[in-house]
Structures are given as structure tokens and as C-alpha cells.
Amino acid sequence: MDEKFHIDIDCQQVFHHGEMICGDVFLSKRIKEENRTIAVLSDGMGSGVKANVLATLTASMAMNFTAEHKDVKTIAEIIMNTLPVCSVRKVSYSTFTIIDIEYDGRTRIIEFDNPLCVVMRGAEVFDPGWRTILLDSEENQGKELRTCEFTARKEDRILFWSDGIMQSGMGSRELPFGWGHESALKYVTNIVKSTPYISARNLGMQLVKKAARNDHDELKDDTSAGVIYYREPRKLLICTGPPFEKDKDAELAMRVYHFKGKKIISGGTTAEILARELNLKFAAGMKITDPELPPASYMEEINLVTEGILTIGKVARILEDYNSDYDLGEGPADQIVHYLLQSDKISIISGTRINFAHQDPSLPIELEIRRTVVKKIVSLLEEKFLKDVSLTFI
């Protein structure tokens, strides 16, 4: 994707009231070698485990076949012919929305039976040229797919959702026929007009919360609101560890100085090098916000300064455990994770000078070698959070 573009993807979900598992399944994947991003939302028939199995099977097939560049009709036919048949209704049923985005912004959307996706250009609805494809096989004759293809611009958004959004409130005095597509879209449009740079996550969250309120917080269906937001990339630099050779200290300092974005220094020696080379004011931290870690410090022109190996080790653990219900604290590692999640394009510079203070066998093995911990963080950021990450050892 062009430097000026970042694809912010998120899907917020609330389960059917009383269920422990969601019958809607969302998957997203970045194919790095093709600079391509795919997102899939599937809604399985009913709710609970059975719905989740149907939706998982559908979403997985849709993701894999789309990644292999299979034809639209072929993808739909294989999915529909593979799903198990419901013993009660005698039909195999799971909806899907597939969004396939290429490096230059070219975007293809394929939908079957989900509420119609909406493309927004700024705060206005944009018509990408929807067309209908009829399936003609004996098993699926007459079933319709909706599809479109367009080239996205910065500040475009795609909204994709499950029935739980549109049908929320159905049967209530306020919304006897449900919230509906038009009202949901008006709600989104008003949010985007008032907060034009709202993130994909926050917009999706506002949608599912509103749907839950429509049902007096007892949703009658699994509810998903997905958002794709094409926007300016938010950049972050993390430096951890001093360079292997001391004569590279100045090079590291210049890379930090010229970086356009937010900056984090993780490591006392690294912070001392930068303070010396760039003549920056540096004050050690005093307020402990996490009993497991030394406190964060202050350095002018740097957003956050923390201790090194223990802190990044905890960052890796938080990223591994993180989900939509995770509450970040105020400790140094939590703050780093907050910056990571709010950033799109992340540059990590990891020094390779050995700090003998950390070669203590009593320390957990994963903290013993900085390189291992940093690589784990990079892997999590790329695969779990779809971040664009570059790693440099110095």
C-alpha cells in the first residue's frame, strides 16, 4: 500500500443475550508478499455453538479461496455446497461478506445475504457500482451475490455488519420493526460528520453499543459491526538497547531525531545515549505505576521512556493475551501497548550490545535475550494486529 494509505480494520461484536459464544465470525489477514488485505464476516444460522461452527467454516473457506484469487462464483458455490444441512430447516445457511483490498487501493466486495455493505467517501455515501451475480448451478440456482469494485481514496470507509445491527430493537415500542438499514446509516453519518477521524474500532464500538441499547442491553441476535478506514498512517518508533558498536551511537541518535511520528525509548542505557547525543533533558522516573517494573522516565521530545528488557518482555505477554475485553493499566508496558495499538506503521530499532546485568539465570528465559523478545513482539503485531512493522538490529 502506498505510504499515504493505511487500512484501519476492526470488527466489534456483542453476543446474543445469554450465549457464551458468538454466531458471527470475523477474520482478517494481511498477505505481506502481495501487499494485500482481506477481511471476512460470516453470520451462521441461529446462535451459539451451531451458528459459530457454520460461520467459522464459511469465513475460513472465504478467506482461503479469496487469498488464492478464485472466481467469485466458484467461492460462493464451494461454500454453499460444503456447509452441513440444518436438520430442522433442511437448509445449509451462513451469510458472508468478503472485502479484498490491493496495494493501490483497488477494493473488491462480495456479499451473500448480509445487510448491504456501505461505502462512504468522507461523511457521504458513495456508490461503488453494485451489481448482482446470479448463481446458476443446480444446487444454488437463483441465489444472488452482490459485488462491486472501486479504487479507494484516503478518508474512505467501508461499513459491513450482521443482521443484529439492523434488527436490534425489533418488537419494542420504540422500534417495532427494528432499527433498520436507513436509521443505522444515518447514525453512522452523524458520527463521522462530528468526528471525521474516528478510528475503525471506535466507530464499530459505537454501532454495537447503540444496537444493544435498542434491545435494552439484551440483544436478540449476535451483532457485528465492521469498519475499514483508509487513512493517513500513524507512525511509531521504538528504540530498545544500545548499538553493538559505540561508534554507532550517533547514527542511532540521528535516526531518532529525524523520525516523523511518536517515539518510545525502552532501556536506560539507550535513553542515556540519546540524551547525550541529542543534548536532551532526561530525568529518571519516580512514580511506580506497575509493581513489576521500574517507573517510566522523562525525556524532552520523546513520548515515553521506560526500562528495557523487563518492560518489553511484559509488552510481549500483554500483546499475547490482549483481546477486546482486556483493560490496559497505567504501567510502562501497558503504555507501550497503548501506543502500539494506536499506531499503524511501527519501526523498531533493537540494539545488540549485551547487557551483562540481564544474563542472570534467575530471570525468565524469554527475557534473557532481547532479540528473541523483540521478534516475538513483531510477529504478534503483524499477525494478530495486522500492523506494518519494520525491525532493524543495530
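Position numbers for residues count from 1 along each chain, tracking the sequence in the order it is written. Since the coordinates come from a predicted model, pLDDT governs what is reported: local features require at least 70, and pairs of side-chain atoms require 80 or more to be given and counted, while whole-chain, interface and lining totals use all residues. The basis for every side-chain value is the complete set of non-hydrogen atoms in the structure, without hydrogens or water.

Per an unreviewed UniProt entry, the protein is named Serine/threonine-protein phosphatase, and its organism is Paralabilibaculum antarcticum.

For the rest of this paragraph, the subject is the packing of aromatic side chains. Pairing of aromatic side chains requires ring centres within 6.5 Å, counting the rings of Phe and Tyr and the six-membered ring of Trp. Pairs whose planes differ by under 30 degrees are stacked, by over 60 edge-to-face, and all others tilted. Counted according to the given criterion, the structure contains 6 aromatic pairs. Look at Phe96 and Phe112: their rings are 5.8 Å apart centre to centre, the planes differ by 35 degrees, and that puts the pair in the tilted class. Of the two residues, Phe96 is situated in strand E4 (residues 94–101) and Phe112 in strand E5 (residues 106–112); the sequence distance between them amounts to 16 residues. Since its relative accessible area comes to 1%, Phe96 is described here as buried. Using a relative accessible area of 8% as the deciding quantity, one classes Phe112 as buried. A network of ring pairs unites the aromatic residues Tyr322, Tyr326 and Phe385 as a single cluster. The criterion for a charge sitting over a ring is simple: Lys NZ or Arg CZ within 6 Å of the ring centre, and within 35 degrees of the ring normal. The side chain of Arg157 reaches across the aromatic face of Tyr229, ending 3.8 Å from its centre. Note that Arg371 overlies the ring of Phe393, its terminal NZ or CZ placed 4.3 Å from the centroid. Helix and strand assignments come from DSSP, with helices taken as H or I runs of at least 4 residues and strands as E runs of at least 2, each series counted from the N terminus. With a 1.4 Å probe rolled over the protein chains alone, any residue whose accessible area is under 20% of its type maximum counts as buried; one over 50% counts as exposed, and the rest are partly exposed.

Moving on, we get to the nonpolar core. Of all hydrophobic cores here, the largest spans 28 residues; its most connected members are Val315, Leu319, Leu340, Ile377 and Leu381. For this core, the elements supplying multiple residues, two or more each, are strand E12 (235–240), helix H8 (309–321), helix H9 (332–342), strand E17 (345–350) and helix H10 (370–383). Note on contacts: a residue pair qualifies if any of its non-hydrogen atoms lie within 4.5 Å across the two residues. Discounting residues that sit within four places of it in the chain, Ile377 has contacts with Ile312, Val315, Ala316 and Leu319. The next biggest cluster of nonpolar side chains, apart from the first, holds 26 residues, and it includes Ala59, Ala76, Phe96 and Ile110. Residue types Ala, Val, Leu, Ile, Met, Phe, Trp, Tyr and Cys, when buried and joined through side-chain atoms within 4.5 Å, form a set referred to as a nonpolar core.

What follows concerns empty space enclosed by the protein. Here the term cavity refers to a set of points on a 1 Å grid, laid over the protein atoms alone, in which a 1.4 Å probe fits but cannot get out; the term pocket refers to an open set having protein on both sides within 12 Å along at least five of seven lines, with lining residues being those that place an atom within 4 Å of a point. Grid points are joined across faces, edges and corners, and a volume is the space filled by probe spheres set on the points. Tallied over the entire structure, the rule returns 3 cavities of 30 Å³ or more. For the largest cavity, the full set of lining residues is Ile238, Thr240, Ile312, Val315, Ile336, Leu340, Ile348, Val374 and Ile377. Of all the elements in the fold, those that place two or more residues in the lining of the largest cavity are E12, H8, H9 and H10. In terms of residue class, the lining of the largest cavity is made up of 8 nonpolar, 1 polar and no charged. Note on residue categories: nonpolar means Ala, Val, Leu, Ile, Met, Phe, Trp, Tyr, Cys or Pro, charged means Asp, Glu, Lys or Arg, and polar means any other residue, Gly included.

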